[in-house]
Amino acid sequence: MDSEPLQIPLDRLRQAFELALQHIEASAGDAVALEHDYFWSIPGDELYDVPNEPRTITIGQLSESWQHLEDLLADPNRAVGHHLLWLADVLRAIGQDTTR
């Protein structure tokens, strides 16, 4: 079942992110405390292969993902696409912690 790729306008994504972040700030304040550090992770080549159950599950660490983002803030010229994956790790944890 082939379909057109989902197109995400980055300006709309930025707006959605800002609105979600404003909501968290209104309830949590200037910082959030994440209860867990380690999490299950599925490698990218298996993550979207929905017909097949993942063969490999690895362990990620939020503090490590956050450190990569801190490093990016210290040196913005070193930005790489993988920073979005580390950001996603942290955002997922914040989203899950704040919906409890």
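Quantities reported herein were computed from a predicted structural model and do not represent experimental measurements.

Enquirer: Can you walk me through the nonpolar core in this structure?
Expert: The nonpolar side chains of a soluble globular protein tend to be buried with one another. The biggest cluster of nonpolar side chains holds 5 residues, and these are I24, L69, W86, V90 and I94. Broken down by element, the residue count for this core peaks at 3 residues, all from helix α4 (residues 82–98). Setting aside residues up to four positions removed in sequence, V90 forms contacts with L62, S65, W66 and L69.

Enquirer: I keep staring at helix α3 (residues 62–74) and nothing clicks. Help me out?
Expert: Given 3.6 residues to a turn, an α-helix orients residues that are three or four positions apart in the same direction. With 13 residues, α3 ought to run about 18 Å at 1.5 Å a step, and its terminal C-alpha atoms sit 18 Å apart, in line with that. Every buried residue of α3 is listed here: L62, S65, L69 and L72. Buried residues in α3, looked at end-on, bunch into an arc of 80°, giving them a common side. Along its buried surface, α3 packs onto β1 (38–41), β2 (58–61) and α4.

Enquirer: Help me understand a nonpolar patch on the surface in this model?
Expert: Where nonpolar side chains cluster on the molecular surface, the patch consists of Y38, W40, I42, L47, Y48, I57 and I59 and spans about 880 Å² of accessible area. Note on placement: W40 falls in strand β1. In this structure W40 comes out as exposed when scored by relative accessible area, which is 68%.

Enquirer: Looking at this model, I keep getting lost on the environment of Q61. Mind explaining?
Expert: Within the element layout of this structure, Q61 appears in strand β2. As for Q61 and W40, which are separated by 21 residues in sequence, their C-alpha atoms are 8.8 Å apart. Dropping the residues within four chain positions of it, Q61 is found in contact with D37, Y38 and F39. Polar contacts involving the side chain of Q61 include one to the side chain of Y38, which spans 3.3 Å.

Enquirer: Would you explain α4 in this entry?
Expert: In this model α4 runs 25 Å from its N-terminal to its C-terminal C-alpha over 17 residues, within 8% of the 24 Å that 1.5 Å per residue would give. Turning to α4, its buried residues are H83, W86, V90, A93 and I94. Looking straight down α4, one finds that the buried residues subtend no more than 100° of arc, so they occupy a single side. Exposed positions of α4 whose direction lies more than 90 degrees from the buried face are L84 and R92.

Cut-offs used in this document
Residues numbered from 1 in each chain as written. Predicted model: local features only at pLDDT ≥ 70, side-chain atom pairs only at ≥ 80, totals over all residues. Heavy atoms only, no water. Core = buried A, V, L, I, M, F, W, Y, C linked by side-chain atoms within 4.5 Å. Buried < 20%, exposed > 50% of the residue type's maximum accessible area, 1.4 Å probe, protein only. Helix = DSSP H or I, 4+ residues; strand = E, 2+ residues; numbered from the N terminus. Contact = heavy atoms within 4.5 Å. Expected span 1.5 Å × (residues − 1). Arc of directions from axis to C-beta. Patch = residues over 30% accessible without salt bridge, like charges linked within 9 Å, V, L, I, M, F, W, Y side chains within 5 Å. Areas by Shrake-Rupley, 256 points an atom, 1.4 Å probe, with all protein chains shown as cover. Salt bridge = Lys/Arg side-chain N within 4 Å of Asp/Glu carboxyl O. Polar contact = N/O pair within 3.5 Å; in protein donor to acceptor, adjacent residues only side chain to side chain.

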